[in-house]
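Architecture at a glance
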Amino acid sequence: TWRNGFNNELLKNNIGIFQIDSFTGRGVEDTHEDQSTVSMHAGEMDAFQALKLLEDHPRVDATRLGITGLSRGGIASYQATERKFVEAVLGADRYFKASLPMAIDCYMRFEQPLMTPTKTLFLLGSDDDYTPPEGCINWVNDVKATQGDEVDVEAVSYTHLRAHETEADLVSRL
């Protein structure tokens, strides 16, 4: 599957994986038809708990923890960079060092976004009609306008990336 291929590439580059499933434990298979079946912030809370767990693990370099996700997982990886949210849950100076949100829309956001120092790269689908890229592009521009060189954030759009399709379809176009 696409996720296995992505995970294998990370592992080949000595990047460890701690995969979070915010659906199964809540009795949900997917949220395509009904987004309310899993709280929109469940993914971020799961990610923050994983960060706390991994920071204390003796075989993990806590200064190099990142987060990524596609669709709802991508929302979690982008929301996990919001300073007000992070500090309310984790406290000051605890955050993911990198974030790679993919195929999300960024319309659920703080009015005045303020990022942690997380290096962030959005991978968006320019032709995606379910999660159009404009919201994230606007969010990146707003953050850069507010925080300037203090943040390292970028949004890149690809014509072949869409949030809701089969993994086989996605892999066939990559």
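Look above for the structure.
Residues numbered from 1 in each chain as written. Predicted model: local features only at pLDDT ≥ 70, side-chain atom pairs only at ≥ 80, totals over all residues. Heavy atoms only, no water.

**Brief notes about the pairing of strand β2 (residues 98-102)**
To keep things clear, this is the line we draw: A pair of strands is considered paired only if DSSP assigns at least 2 bridges between the two. Going along the chain from the N terminus, every DSSP run of H or I of four or more residues is numbered as a helix, and every run of E of two or more is numbered as a strand.
Both strand β1 (residues 66-70) and β2 contribute to a ladder of five bridges, which runs parallel. Bridge pairing links Leu-70 to Met-102 in β2. Relative to strand β3 (residues 119-125), β2 is paired through three bridges, and the arrangement is parallel. Considered in β3, the bridge of Ser-99 is made with Thr-120.

**Comments concerning unusual backbone geometry**
Phi is mostly negative for residues that are not glycine, and the peptide bonds are mostly trans. As a reminder of what qualifies: Three labels apply to residues, based on accessible area from a 1.4 Å probe with only protein chains included: buried if under 20% of the type maximum, exposed if over 50%, partly exposed otherwise in between.
Its identity is not glycine, yet Asn-14 carries a phi of approximately 60°, on the positive side. What makes Asn-14 exposed here is its relative accessible area of 75%. Positioned with a positive phi, Asp-93 is a non-glycine residue whose angle comes to about 65°. Its place among the elements puts Asp-93 in the loop between α4 (83-90) and β2. On the accessibility criterion, Asp-93 (69% relative accessible area) is exposed.

**A word on a nonpolar patch on the surface**
Applicable threshold: Residues form patches when they are more than 30% accessible in relative terms and have no salt bridge. Like charges link within 9 Å. Nonpolar side chains (Val, Leu, Ile, Met, Phe, Trp, Tyr) link within 5 Å. Reported accessibility uses the Shrake-Rupley method at a 1.4 Å probe radius. Residues are deemed covered only where the shown protein chains occlude them. Any Lys or Arg side-chain nitrogen found within 4 Å of a carboxyl oxygen on Asp or Glu counts as a salt bridge.
Taken together, Phe-18, Ile-20 and Leu-53 make up a surface patch of nonpolar side chains, about 280 Å² in accessible area. Judged by relative accessible area, which is 39%, Ile-20 ranks as partly exposed.

**What to know about helix α2 (residues 42-55)**
Filter applied, for reference: Helix span is expected to be 1.5 Å times the residue number reduced by one. Contacts were defined at the residue level, with two residues in contact if any of their heavy atoms lie within 4.5 Å.
Taking 1.5 Å as the rise per residue, α2 with 14 residues should run 20 Å; its terminal C-alpha atoms sit 20 Å apart, in good agreement. Taken together, the buried positions of α2 are occupied by Ala-42, Gly-43, Glu-44, Asp-46, Ala-47, Phe-48, Ala-50, Leu-51 and Leu-54. Taken together, the buried residues of α2 touch β1, α3 (72-79) and α4.

What is shown is where atoms sit, not what they do.
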